[in-house]
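Single-letter residue listing:
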Amino acid sequence: MRIAELAGRTVAVWGLGREGRAALAALHARAPELMPTLFCSEEEARLFGIEETSRLTPLAPKPGNSVVGDGGSGFSRDAVHIETDPPDGAALSAFDLVIKSPGISAYRAEILEARHNGTHFTSGTALWFAEHPQSRVIAVTGTKGKSTVSALIAHLLRSLGRRVALAGNIGLPLLELLDPPQEPDWWVIELSSFQTRDAGAVEVGIVNNLYEEHLDWHGSRERYAEDKLTLANASRTLVVNALQPELQSRLAAHPRLFPFGTAAGWHVSDGAVMRGSTRVFEIDESPLPGLHNAMNACAALAAIEAAGEDAIGAAAAIGSFNPLPHRLQMLGERDGRVFVDDSIATTPQATLEALASFGDRPVTVLVGGYDRGLDWRPFVQAMREAPPHAIVTMGANGERIRASLNLAGGNHRLESAATLEDALPLAIAATPIGGVVLLSPGAPSFDQFKDYVERGCAFARMAGFDPATIGMIDGLGIA
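Just so you know, these numbers come straight off a predicted model, no measurement behind them.

The rules behind the values
Residues numbered from 1 in each chain as written. Predicted model: local features only at pLDDT ≥ 70, side-chain atom pairs only at ≥ 80, totals over all residues. Heavy atoms only, no water. Pairing = 2+ DSSP bridges. Helix = DSSP H or I, 4+ residues; strand = E, 2+ residues; numbered from the N terminus. Buried < 20%, exposed > 50% of the residue type's maximum accessible area, 1.4 Å probe, protein only. Axes fitted to C-alpha atoms, helices over the stretch in contact; angles between N-to-C directions. Parallel < 35°, antiparallel > 145°, perpendicular 65-115°, else oblique. Left-handed = near helix turned anticlockwise from the far one by under 90°. Contact = heavy atoms within 4.5 Å. Phe/Tyr/Trp six-rings, centres within 6.5 Å; stacked < 30°, edge-to-face > 60°. Lys NZ or Arg CZ within 6 Å of the ring centre and 35° of its normal. Salt bridge = Lys/Arg side-chain N within 4 Å of Asp/Glu carboxyl O. 1 Å grid on protein atoms, 1.4 Å probe; cavity = no way out; pocket = protein on both sides within 12 Å on 5 of 7 lines; lining within 4 Å. Points joined across faces, edges and corners; volume = space filled by probe spheres on them. Nonpolar A, V, L, I, M, F, W, Y, C, P; charged D, E, K, R; others polar. Core = buried A, V, L, I, M, F, W, Y, C linked by side-chain atoms within 4.5 Å. pLDDT = per-residue confidence, 0-100.

Draft legend 1. Representation of the sheet that holds strand 11 (residues 202–207) within the structure. With mixed pairing, seven strands are arranged side by side in an open sheet as 13-12-11-8-10-9-23. In the strand order of this sheet, the two ends are held by strand 13 (257–260) and strand 23 (477–478), each with one partner. For strand 8 (residues 137–141) and strand 10 (residues 186–190), the ladder comprises four bridges, and the chain directions are parallel. Each residue of the ladder has a partner; that of Val-137, found in strand 10, is Trp-187.

What follows is the structure, given as structure tokens:
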């Protein structure tokens, strides 16, 4: 559904995060006659200086040669009705259409009730795709690594002289780039499992990997997998990790599969990123640590080749890529110990990959956080077979993890604390000189922090580093 088709309909926007603000800006720009209702929390309203009875108009993003959305954070007060009470099914049923922020589960009871009563739900992602049916899109999803793969694809295409938009779940809502002054050669769009069902047609889709995640949103592992893999239906060519049999079997019917991780294609062997039998890029020259990041590079190069671009010619630019913050980010050394921020690790599998990046170096890992009900048994088994120097559990699921580790046994030191603030001194005390203190929680941050960024910055500050030096994601927007 295009924005122009909303004329004469009753419309609500649910959520005043960046996606919600971008949706309000898009409605104001394309359908100024609409008078949408905004459902947001009192905290969100206070954050933006909005009183419950206010009417407001979001300011549209400013155009420019290098376009990065401004977040839609400026408002004047004349075109939106504010409701700070959480909407129930009856409230949502009063609207023809609700533009929902991604973090609100599509399977909530009030949404199902409103759908049954005829309310249509959409998103900023769906609206953008409807407005851009001719745009050339490379869409990236996967449980882990999708932001790195997306940013790396954009970086490599730009090294070939292409004008590229980098947006989506990586940190820039698509609707902030609704009307670019010049159409890019390529749109590289990261999609979470909350967004994949809303994608329109894409030239190349990428499924980087599939593990258990976001069970609180999707309700079950099977539904998570089904939602994540709907990107295949929108993809003309589908790039898939051949090292995951589940992906291969679930997606085998796609007419244009482009696997990576096979000896004939893009893969990692003998310390290099390979294309078939050709050594293309030496891993020790990459700024991205770990085997999993070498595989991320393979995914990016496979996508570029699948898009018809010169992947081998672009590969050298891997060396100039600026790694994303909070992803195995080395903060520095204090008192002979190295501190590494991997706050983005929100699944146990991600923590295992982080630990594998340090070889035989003594590592103390801080794990735990918000409990999504994920299965920690593979992590516990791995800790019994190849333990790090020490493990410190923390957060809402920390005690559950500690109990499982105790039950399994293993040759590692095990400590436990309620919070990150309490856990860090234990980790430092457990780590020998020359060792690594690694924040790689394997769980979301919501029990203690707003998001993984706030958690990573808190870790840096507690360890004695300036969070302001951590940096932002480079390359967002159009360049």
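Draft legend 2. A look at the environment of Val-437. Note on placement: Val-437 falls in strand 22 (residues 436–439). Exposure remark for Val-437: the relative accessible area of 0% places this residue in the buried category.

Draft legend 3. Representation of the packing of helix 6 (residues 146–159) against helix 11 (residues 291–306) in the model. Viewed as axis vectors pointing N to C, helix 6 and helix 11 meet at an angle of 50°, and their least axial separation amounts to 9 Å. It follows from the interaxial angle that helix 6 and helix 11 lie oblique. Crossing hand, helix 6 versus helix 11: right-handed. Only Asn-293, Asn-296, Ala-297, Ala-299, Ala-300, Leu-301, Ala-303 and Ile-304 of helix 11 make contact with helix 6, whose side of the interface consists of Thr-148, Val-149, Leu-152, Ile-153, Leu-156 and Leu-157.

Draft legend 4. Representation of the packing of aromatic side chains. The full count for this structure, using the stated rule, is nine aromatic pairs. Their ring planes at 65° and their centres at 4.7 Å tell us that Trp-128 and Trp-187 sit as a pair that is edge-to-face. Remark: Trp-187 occurs in strand 10 and Trp-128 occurs in helix 5 (residues 124–131); sequence separation between them is 59 residues. The buried category is assigned to Trp-128, whose relative accessible area is 0%. On the basis of relative accessibility, which here comes to 0%, the residue Trp-187 falls in the buried class. Aromatic pair Trp-376 and Phe-379: ring centres 5.1 Å apart, planes at 85°, arrangement edge-to-face. Of the two residues examined, Trp-376 and Phe-379, each falls in the buried class. Each member of the aromatic cluster is reached from another via a ring pair, and the members are Tyr-107, Phe-194 and Trp-217. Stacked on the ring of Tyr-107, the Lys or Arg Arg-223 has its end atom at 3.7 Å from the ring centre. Over the ring of Phe-465 we find Arg-334, and its NZ or CZ is 4.1 Å from the ring centre.

Draft legend 5. Examining the pattern of salt bridges more closely. Scanning the model with the defined rule gives 19 salt bridges in all. Glu-213 serves as the salt-bridge partner of Arg-372, at 3.3 Å between the closest nitrogen and oxygen. Taken as a pair, Arg-372 in the loop between strand 19 (363–367) and helix 14 (377–385) and Glu-213 in the loop between strand 11 and helix 7 (215–218) lie far apart in primary sequence, 159 residues in all. A relative accessible area of 2% means that Glu-213 is categorised as buried. Between Glu-222 and Arg-250 there is a salt bridge, with the nearest N and O atoms lying 2.8 Å from each other. Here the residue Glu-222 occupies a position in helix 8 (residues 221–228), and Arg-250 occupies one in helix 10 (residues 245–251), the gap between them amounting to 28 residues. By sharing partners, the salt bridges in this structure join Arg-2, Arg-30, Glu-131 and Asp-179 into a single network.

Draft legend 6. Looking closely at empty space enclosed by the protein. Overall, the coordinates contain six cavities of 30 Å³ or more when judged by the stated rule. Of the volumes computed, that of the second largest cavity is approximately 60 Å³. Around the second largest cavity, the lining residues are Val-273, Phe-281, Ile-283, Ser-286, Leu-288, Asn-293, Ala-294, Ala-297 and Ile-318. Ranked by the residues each element gives to the lining of the second largest cavity, the list is headed by helix 11, at three residues. A breakdown of the residues in the lining of the second largest cavity according to their chemical character gives seven nonpolar, two polar and no charged.

Draft legend 7. Quick look at the nonpolar core. Core analysis: the biggest nonpolar cluster contains 41 residues, and Ile-138, Ile-153 and Leu-156 have the highest contact counts within it. When contributions to this core are tallied by element, the ones reaching two or more residues are strand 8, helix 6, strand 9 (164–168), strand 10, strand 11, helix 11 and helix 12 (311–314). Of the residues forming this core, the biggest block, ten residues, is contributed by helix 11. Apart from residues no more than four positions distant in its own chain, Ile-153 is found in contact with Ile-138, Val-140, Val-188, Ile-206, Ala-300, Ala-303 and Ile-304. Membership of the second largest hydrophobic core comes to 39 residues, among which are Ala-22, Ala-26, Ala-199 and Leu-231.

Draft legend 8. Layout of the environment of Met-394. In this fold, Met-394 is placed in the loop between strand 20 (390–393) and helix 15 (398–408). Met-394 sits in the buried class, given a relative accessible area of 1%. Here the alpha-carbon distance between Met-394 and Ala-417, two residues 23 residues apart in the chain, equals 5.0 Å. Apart from residues no more than four positions distant in its own chain, Met-394 is found in contact with Leu-366, Val-367, Gly-368, Gly-369, Ala-417, Ala-418, Thr-419, Leu-420, Ala-423, Leu-439 and Pro-441.

Draft legend 9. Region of the structure containing the confidence of the model for the chain. In this model, the chain carries a mean pLDDT of 92, and residues with pLDDT of at least 70 account for 93%. This stretch, residues 52–77, has a pLDDT under 50; its non-local contacts, to residues over four places away or in other chains, come to 78 contacts.

Draft legend 10. How the structure looks around unusual backbone geometry. Here the phi dihedral of His-214 falls at roughly 55°; this positive angle occurs in a residue that is not glycine. Positive phi values are uncommon outside glycine, yet His-326 reaches one of about 70°. By secondary structure assignment, the location of His-326 is in the loop between helix 12 and strand 17 (329–334). Judged by its relative accessible area of 3%, His-326 falls in the buried class.

Draft legend 11. The arrangement of the side chain of Thr-364 in detail. Relative to the helices and strands, Thr-364 resides in strand 19. Classification of Thr-364 by relative accessible area gives buried; the value is 0%. Ignoring anything within four residues of it in the chain, the contact list for Thr-364 reads His-389, Ala-390, Val-392, Ala-427, Ala-430, Thr-431, Val-436, Val-437 and Leu-438.

Draft legend 12. Structural context of the packing of helix 14 against helix 15. At a closest axis distance of 10 Å, the pairing of helix 14 and helix 15 adopts a crossing angle of 45°. Between helix 14 and helix 15, the angle is such that the two are oblique. The hand of the helix 14/helix 15 crossing is right-handed. Between helix 14 and helix 15, the residues in contact are Phe-379, Val-380, Met-383 and Arg-384 and Ser-404, Leu-405 and Ala-408, respectively. Tallied by class, the residues present in the contact of helix 14 with helix 15 amount to five nonpolar, one polar and one charged.

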